[in-house]
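# Commentary on secondary and tertiary structure
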Amino acid sequence: MAHIGLIKAMQEQGIVAHRISGTSVGALVGGLYAHGSSVDEMLDFFRETPLFQYNLFAINKPGLIATERYVPIFRKFFPQDSFEALKIPLLVVATDLMSGTEKAFSKGPLIPTLLASAALPPVFSPVEIDGHFYADGGIMNNFPMEYLEADSNFIIGSNVSITFPMERKDLRNPIQLAQRVTSLMVHASNHQKVQTCDLFIEPKDLEKIGVLDKKGIEKAFTIGYDQASRAIELFLKTPPPMDDQTSS
């Protein structure tokens, strides 16, 4: 939701992305933005997409929830189901569980790729594409900005995978420990990349929002929008660096 807040702040300043790269929920928001969805439509996508309903739970699959059951919901927002039908070029990263490598998708069917990129194990089952099983792109690359660097002269980044301090009670079993270690690894990789963006947000106030907070969508959206508005305003007020010919 914080990603969508950034998009709203960009639109208010007349800033338009010419290429988009994303992983996991960043891929979903990137897909909606590339499709031309309005901010309200993006928010509606997440309001209308259920996470834990009995008819979504998987049977005999390597995941608690059957990811492919989201396809009808996604078709409402991506009726053409094609990268080529998007208004802005989009690149989506997913993890090939069979080869142990990351895969960047930019053409062909869109919905399976978006679902794969956001299929976080072990909650969501992997998605099969061309005979390979794909899962959350964040496993291998949670901030795929390098795919934009060669053809971009200005990169705006949004990172919501942020690590917060924990208490001893939050590290009492192997699952909590594994989650914490994974979170730290992802954050270390993300944070270094984010710092190289020309403009970026890392909304630390997201820590205040619980996973099951019913008002979390609006709260996170507002946090992202407020921080992005401040970051853009500060950037626009900062004079550009002088080159060697004009510096004193």
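Heads up: these notes are all about the structure in this document. (Residues numbered from 1 in each chain as written. Predicted model: local features only at pLDDT ≥ 70, side-chain atom pairs only at ≥ 80, totals over all residues. Heavy atoms only, no water.)

With 53 residues, the main nonpolar core has Ile4, Phe74 and Phe78 as its most contacted residues. If one sorts the elements of this core by residue count, helix α8 (residues 216–237) sits on top with seven residues. Residue contacts for Phe78: discarding those within four places in its chain leaves Gly31, Leu32, His35, Phe45, Leu110, Ile111 and Leu114. Core analysis: the second largest hydrophobic core is formed by six residues, Met145, Leu148, Ile155 and Val194 among them. (Core = buried A, V, L, I, M, F, W, Y, C linked by side-chain atoms within 4.5 Å. Buried < 20%, exposed > 50% of the residue type's maximum accessible area, 1.4 Å probe, protein only. Helix = DSSP H or I, 4+ residues; strand = E, 2+ residues; numbered from the N terminus. Contact = heavy atoms within 4.5 Å.)

Turning to the packing of helix α3 (residues 39–48) against α8, a few remarks are in order. Where α3 meets α8, the closest approach of the two axes is 11 Å, and the angle between their N-to-C directions is 140°. Our classification of the angle between α3 and α8 gives oblique. The handedness of the crossing between α3 and α8 is right-handed. The residues of α8 that touch α3, namely those facing Val39, Leu43, Phe46 and Arg47, are Ile217, Glu218 and Phe221. Here the residues of the contact of α3 with α8 are counted per class, giving five nonpolar, no polar and two charged. (Axes fitted to C-alpha atoms, helices over the stretch in contact; angles between N-to-C directions. Parallel < 35°, antiparallel > 145°, perpendicular 65-115°, else oblique. Left-handed = near helix turned anticlockwise from the far one by under 90°. Nonpolar A, V, L, I, M, F, W, Y, C, P; charged D, E, K, R; others polar.)

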